[in-house]
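Spelled out from the first residue to the last, the chains are:
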Amino acid sequence: MQTVRLASDTDIEGWRNAARTLLLQEIAPEHIQWRVGQQTYGLFDLPEDELIPSQRANQRPTTQFKVPREFIELCRQVILHSDPSRFTLLYRLLWRLKAQPKLLQLSVDPDVAKAQAMVKAVRRDLHKMKAFVRFREIEMENGESEFVAWFEPSHHIVEASAPFFTGRFTNMRWSILTPEICMHWDGHTLNYTAGASKSEAPSEDAGEELWRSYYRSIFNPARLKVSAMLAQMPKKYWRNLPEAPLIAELIADSSPRMHGMIVAPPTEPQRKIVKYVTKEESRRLPADAGDVMTALRELNDTMLSSADFPLSGHATQAVLGQGVAPATILLLGEQPQEQDDLAGQPFTGQAGTLLDQALNAAGIGRSDVYATNVLKHYKYKLQGRRRIPLALEDRDIQTYLPWLRAEIEVVQPSVIVAFGPIAARALTGKGMESEAHGGKLLTLPDDRQLVVTIHPALILSIRDQATKQLRSEQLVKDLALAAKAAMQRALEKG
């Protein structure tokens, strides 16, 4: 019996070298046993000779045997499976390929079918890891944050998942702990360490309550299919998901909620145009607003009568700033969304709802702030009957910048929250990504303070739930930072 010892569970190069040597010596699959690392022999294992792949890797076969390319790719996937028989299976397939070059096309063949099933299981496990890793924030001694997650994969997929996580969370410092191997990213370098226990991972952090509130709000009982949900979110992952404690409650409450929806009197169908406001109405401000609001109204009237804004004839109407003035906090978006354009108000629709939830979580009332955009008109292109938003250009910002500057002078905020790099660029002259500058309190040349964060509409567009959770949590933290800074400024002014 020939024994082959591989360096690790995913030692694909070691397996290839060993398989090449064994094939050259024409050793049949049934005469080989595979071991990994320091794995010991079983009671009935009787090794005659142990092969370490690197020792004989340079031997070359005397006869040509061309391995199909798809077999190499199959090996890279199957070796990630946790079944100990995978090494034997792959070598048996290689052995049989000598006589059956088209063996891999026979999907009914038991060996081929088993290998394909392993590939499917590995891909599914990879997908679940990408979907169900939940980072929790911990504060380090130097005041910076690190995000740590605990995950229990079914197969040896941690290293294979690294490109996804380093690409998706490039600017974060994070660690993913698993029982077999741990993965650490410091923003530049990826390192691996030995496996850890769940007790080494952090417990719940401050942002998880917001995440549960969001999850509860988007749950639709009329669309509930428990079997489909369980197929997509198997129970074995629940113990590490912050939203999991809500699931049983939401399922139990779904029938009464559906019954309530059925017996409720009909309502007017909610059209895409939720609320249409005429141009004249959108320009109106409270009659008793005082001097500041009067000044703001006069500014808007002056700007609206100007011919310097080419988008004014393109958009439905101008979306003017809204809120209390003077205000300690000014929320600055990039441009009105489509629903804002139709409603004549900034931050409406789902993005506005998400913003309201984040403001509440940060202890800020929407009525206590002033909200506006860099552009006051919606920039889009028609695609059929759809209006597709267009990216803003520097000339767009420059066109509307005098209006924004005058607006800030009237509102007199001590802190400005810029949603996205375009809003930040209008204030600073340079693009500032929220991932790099989030969580920081910056000072503008006029001594106002600036917080750069992600736009709520961008959070809604994120499909990956783990990323969406992180961005939502960051939005709340940035708003809380702005509130704290505004309060500090108010105390300084007495």
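Residues numbered from 1 in each chain as written. Predicted model: local features only at pLDDT ≥ 70, side-chain atom pairs only at ≥ 80, totals over all residues. Heavy atoms only, no water.

K.L.:
What am I meant to see in the overall build of the protein chain here?
P.N.:
From N to C terminus, the protein chain includes 18 helices and 16 strands. Counting only residues that meet the buried cut, the protein chain has 46% of its 494 residues in that class. The long-range fraction of contacts in the protein chain, counting pairs at least 24 apart against all pairs at least 6 apart in sequence, stands at 71%. In the form shown here, the protein chain has an accessible surface area of approximately 25900 Å², with 52% of it arising from carbon and sulfur atoms. (Helix = DSSP H or I, 4+ residues; strand = E, 2+ residues; numbered from the N terminus. Buried < 20%, exposed > 50% of the residue type's maximum accessible area, 1.4 Å probe, protein only. Contact = heavy atoms within 4.5 Å. Areas by Shrake-Rupley, 256 points an atom, 1.4 Å probe, with all protein chains shown as cover.)

K.L.:
So what exactly am I meant to see when it comes to helix H8 (residues 244–252) here?
P.N.:
Because an α-helix packs 3.6 residues into every turn, residues spaced three or four apart end up facing the same way. Among the residues making up H8, those that are buried are Ala244, Leu246, Ile247 and Leu250. For H8, the angular spread of the buried residues around the axis is 130°, confining them to a single face. Residues of H8 that are exposed and point over 90 degrees away from its buried face: Pro245, Ala248 and Ala252. In this structure, the buried side of H8 is in contact with helix H6 (208–218), helix H7 (226–232) and helix H9 (254–263). (Arc of directions from axis to C-beta.)

K.L.:
Before we go on, may I ask you to explain the sheet that holds strand S7 (residues 181–185) in this structure?
P.N.:
Picture the strands of a sheet paired through backbone hydrogen bonds; they go either parallel or antiparallel. Taken together, the five strands give an open sheet; going across it, the order is S4-S5-S6-S7-S8, and neighbouring strands pair in mixed fashion. Each edge of the sheet is formed by a strand with only one pairing partner; in this case those strands are strand S4 (136–139) and strand S8 (190–194). Taking the axes of each pair of neighbouring strands and ignoring which way they run, one obtains an average angle of 25° across the sheet. Sheet topology note: the strand S5 (residues 145–150)/strand S6 (residues 174–177) ladder contains four bridges and is parallel. Residue pairing in the sheet places alanine 149 in a bridge with isoleucine 176 of S6. (Pairing = 2+ DSSP bridges. Axes fitted to C-alpha atoms, helices over the stretch in contact; angles between N-to-C directions.)

K.L.:
Help me understand helix H3 (residues 86–97) in this model?
P.N.:
Here H3 spans 16 Å end to end across 12 residues, near enough to the 16 Å set by a 1.5 Å rise per residue. Along H3, the residues classified as buried are Arg86, Phe87, Leu89, Leu90, Tyr91, Leu93, Leu94 and Leu97. Check the buried side of H3 and you find it contacts strand S1 (2–6), helix H1 (12–24), strand S2 (32–36), helix H2 (69–78) and helix H4 (110–132). (Expected span 1.5 Å × (residues − 1).)

K.L.:
Got a minute to help me understand the sheet that holds strand S9 (residues 322–323) in this structure?
P.N.:
Strand order in this open sheet of six strands is S9-S11-S10-S14-S16-S15, and the pairing throughout is mixed. In this open sheet, the two edge strands, each paired with only one partner strand, are S9 and strand S15 (442–443). Strand direction decides the pairing type here: strand S14 (residues 415–419) and strand S16 (residues 449–453), joined by five bridges, are parallel. Each residue of the ladder has a partner; that of valine 417, found in S16, is valine 451. Taken strand by strand, helix H15 (residues 421–428) contacts strand S10 (329–333), S14 and S16, and its axis lies near 135° from that of S14.

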